[in-house]
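# Commentary on secondary and tertiary structure
Chain by chain, the residues:
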Amino acid sequence: MSEALLASQAPGTDPSVPGASGARQFWRRLRTQRAALVAACVVALLVLVALAAPLLTAIEGQDPTTYHPSLIDSARGGVPVGPLGGVSGEHWLGIEPQTGRDLFARLVYGARVSLGVALAATLVQVFIGIVVGVAAGLGNQWVDQLLSRVTDIIVAMPLMIMSLALLAIVPSGFPRPLLVALIIGLVAWGSTAKIVRAHTLTLKELDYVAAARLSGWGSWRVARRELLPALAAPVITYAALLVPLNITVEAALSFLGVGVKPPTPSWGQMLTAADVWYQAAPQYLLLPAGALFITVLALTVLGDGVRTALDPRAASRLRVGTGRKREAKA
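Keep in mind it's a predicted model, so treat the numbers as computed, not measured. (Residues numbered from 1 in each chain as written. Predicted model: local features only at pLDDT ≥ 70, side-chain atom pairs only at ≥ 80, totals over all residues. Heavy atoms only, no water.)

### Here we look at the pattern of salt bridges
The full count for this structure, using the stated rule, is six salt bridges. Arg106 is paired through a salt bridge with Glu96; the nearest N and O atoms lie 3.3 Å apart. Residue Arg106 is located in helix H5 (residues 103-138), and its partner Glu96 is located in the loop between strand S2 (79-80) and H5; the two are separated by ten residues in the primary sequence. Between Asp144 and Arg197 there is a salt bridge, with the nearest N and O atoms lying 2.7 Å from each other. One end of the pair, Asp144, is in helix H6 (residues 141-156); the other, Arg197, is in helix H9 (residues 190-203), with 53 residues separating them in the sequence. In this structure Asp144 comes out as buried when scored by relative accessible area, which is 12%. Each member of the salt-bridge network shares a partner with another, and the members are Glu96, Arg101 and Arg106. (Salt bridge = Lys/Arg side-chain N within 4 Å of Asp/Glu carboxyl O. Helix = DSSP H or I, 4+ residues; strand = E, 2+ residues; numbered from the N terminus. Buried < 20%, exposed > 50% of the residue type's maximum accessible area, 1.4 Å probe, protein only.)

So this is what it looks like as structure tokens:
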């Protein structure tokens, strides 16, 4: 019965039922937003740099953990020797004060950690949020009330304090980047669950979902065949906005000394070590801070573009490069 109702609708006419034409419309709307396209190119370049970190450092001839004591001035407290913090043909962005480790190698390997932790944490948040949100929306009153109260508790928990507490008690032998990603995901899935539950409550009142339930389909089959495709748009939109937030959380945890531990490079960890060197070697602070700023800005702009393209009725929060007139025509 449900499939008959779906078949009777023209593809792409119902925004809650994505199809091939819906994907084309999404891409056409996204192309009208110049800022979002530029942000997508920046994000793609950052991901490429992170994936190609071993190749890039091999071309430079350096690695992120080797010390170069001969390139620092011990008499001045470990300041790099040479102009611009030791920039040379062998060290493209200079070296780290006091240790002499190559800054370019640590920056590109730090991109792997920061982006990897943020993406992994987002996947954990989205997975738990979808499971809990759909279960609450499709369950009976008692299940809904129980899961909703658990979600409220999770949302009310202060993310940074809970992360600090959990990171402090886990044995040091556990892989730190994986641990940070798991803790961020396990502590911060509440908002995703609330969004999924709200959409599920709306969707289950629609004709094709109600018909599937009346035809005797179980909750799992209804969720898999009817709800999950319709939930793709809001979940993807929210996930695109979670990634930059998780990058800043990872950087903050590393900055506080409980995130990724040395010698594994991380942008937040580099900022922690740079707080006493910003006058003697300003590039040691400016490089990771600039990388974080560009990454978070690009992901935020891209997330806003995805949100607007998936829901054309919602106006973009951006005022530059949104192509409003052309978007309206599309």
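### Comments concerning helix H11 (residues 219-255)
The first and last C-alpha atoms of H11 sit only 44 Å apart over 37 residues, clearly below the 54 Å expected at 1.5 Å per residue. In H11, a bend of some 50 degrees at Leu227 exceeds every other bend along the element, and Pro229, a proline, comes one to four places later. (Expected span 1.5 Å × (residues − 1). Bend = angle between axes of the 7 residues up to and from the residue.)

### Quick look at the nonpolar core
For soluble globular proteins, the rule of thumb is that nonpolar side chains tend to be buried together. In terms of nonpolar packing, the biggest core is built from 27 residues, with Ile247, Trp267, Met270, Tyr284 and Leu292 touching the most fellow members. Counting residues per element, this core draws most heavily on helix H13 (residues 283-310), which supplies eight residues. Here Trp267 is in contact with Leu107, Gly110, Ala111, Ser114, Pro288, Ala291, Leu292 and Thr295, once residues within four sequence places are set aside. Within the second largest apolar cluster, 16 residues are counted, among which are Val196, Val209, Val235 and Ala239. (Core = buried A, V, L, I, M, F, W, Y, C linked by side-chain atoms within 4.5 Å. Contact = heavy atoms within 4.5 Å.)

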